[in-house]
Amino acid sequence: MKVLAPRRGLSFGEVVARHHARGELVVQPRMGFADPERMGRGLLATREARAATVGTITIDSYTRVGDHEAAREALAAGADLNGYPLVDHDPTTTAALLGAVLDGDFPVQIRHGSPDPRRIVRTLLDHGLHATEGGPVSYCLPYSRMPLSAAVDNWRRCCETLAMARGPELEPHLETFGGCMMGQLCPPALLVALSVLEGMFFWRHGVRCLSFSYAQQTHAGQDEEAIAALHALIREYVPHARTHVVIYGYMGVYPRTPGGALALIAESARLAARTGASRLIVKTTAEAHRVPTVAENVTALEHAADAAAGITRIGRLGDTGIHAQAKALVDNVLSLDSDLGRALVTAFARGQLDVPFCLHPDNAGRARGRLDPSGRLEWQRIGGMPLGDLVDLPADRRMTSGDLLDALRYVERTFDEKYGMPGIETVKLVQGSRT
């Protein structure tokens, strides 16, 4: 493919920073369609939404796992894929799509879920794009059976490719996915630590513009403390990068009622605004049922922007130990090897990083999270992680299948029961009330 000139305009990180300086939360959909016309309509609708937005092209699952032959066959057959096959679409088609959408204040991020995104990264750069996301741990352990050591090497090469693309008019951007591991039931300290470690990995391999993810969990106060810890650790470990924090709306079992879903979207936005995050990945009212339409995505974006407007950032928070736990995990990994990639592999091999409920062969699987009666997410077991003097473990460390199902449905149940029935509160939410 012929390499295109970088598209003029602000970098992804600079666009987000300018909105943040104006007190605007950037809202972003999780959008990906195989049909270029539909993908283009989705991006244009996102750009024109009544909100501060950036665009998303989410890659299809064939491309994520490197099965390019299957992607090409699906395109030839006119099959409906679950995302945009960036690598295998005709380059002129993609160039036309982007040419109609991009402007100086509306960058597009490529989202993919791949433990080996080398071809994806080369292709997005060929098209003059510069922003993507993921990580050597977060796009390996939950989504593949690829050895962690191989994913680390793949991501090292991707970082170096992005770094080499830097120029006077192009600052590549990379977002960690480590703060979103498994979507739910992963205690916040581990999410924060993995997000910081992946960001440090990106920085050490040449990427200078970074965002650090954190996925909304089950308890607002606990999330606030976790995001404050994330801000503090970014300042400590990656002080020289251009950075921002991105919050993901709740990634677990979603409310099934429109009122419950709208309330959760609004709560995600208020959480982001209260904690000084710059960007929010937004879900929709269709989340529990099907792939959302373009219109449903735009409605959710505008609803989130309305909910965040005028929210004041919180001040001093209580401390239940999330910062200390996350820092202990980060410092332990850094002590294992001067090469951060090797250190991550060693930490997982020894069970010193251990993701609850993750079945990847390179994950020890001895750690567990659980919900306490108030909805806080805590450690039930820590396995071999160096947290023994920082965590008060419950006396009963068993979890039945019923306990697990109850925990998985906690947010769905809570929001549907409170907001699911038609009434004045639901009407306010649908109308975009800024309460």
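What counts and how
Residues numbered from 1 in each chain as written. Predicted model: local features only at pLDDT ≥ 70, side-chain atom pairs only at ≥ 80, totals over all residues. Heavy atoms only, no water. Pairing = 2+ DSSP bridges. Helix = DSSP H or I, 4+ residues; strand = E, 2+ residues; numbered from the N terminus. Axes fitted to C-alpha atoms, helices over the stretch in contact; angles between N-to-C directions. Buried < 20%, exposed > 50% of the residue type's maximum accessible area, 1.4 Å probe, protein only. 1 Å grid on protein atoms, 1.4 Å probe; cavity = no way out; pocket = protein on both sides within 12 Å on 5 of 7 lines; lining within 4 Å. Points joined across faces, edges and corners; volume = space filled by probe spheres on them. Nonpolar A, V, L, I, M, F, W, Y, C, P; charged D, E, K, R; others polar.

A. Structural context of the sheet that holds strand β8 (residues 279-282). An order of β1-β8-β7-β6-β5-β4-β3-β2 is seen for the eight strands of this open sheet, with the pairing classed as parallel. Sheet topology places β1 (26-29) and β2 (55-58) at the edges, where each strand pairs with a single neighbour. Adjacent strand axes in the sheet meet at a mean angle of 25° when their direction is disregarded. In this sheet, strand β3 (residues 108-111) lies alongside β2 in parallel orientation, the contact comprising four bridges. Looking across to β3, one finds that G55 is bridged to V108.

B. Spotlight on the pairing of strand β7 (residues 242-248). β7 sits mainly inside the fold: five of its seven residues count as buried. Two elements, strand β6 (residues 209-215) and β7, share seven bridges in a ladder whose sense is parallel. Looking at the pairing, A215 lines up with Y248 of β7.

C. Molecular detail of the layout of surface pockets. Reported here for the largest pocket is a volume of approximately 920 Å³. For the largest pocket, the lining is made up of 40 residues, of which R30, T58, R64, N82 and E287 are closest to its centre. Classifying every residue of the lining of the largest pocket gives 19 nonpolar, twelve polar and nine charged.

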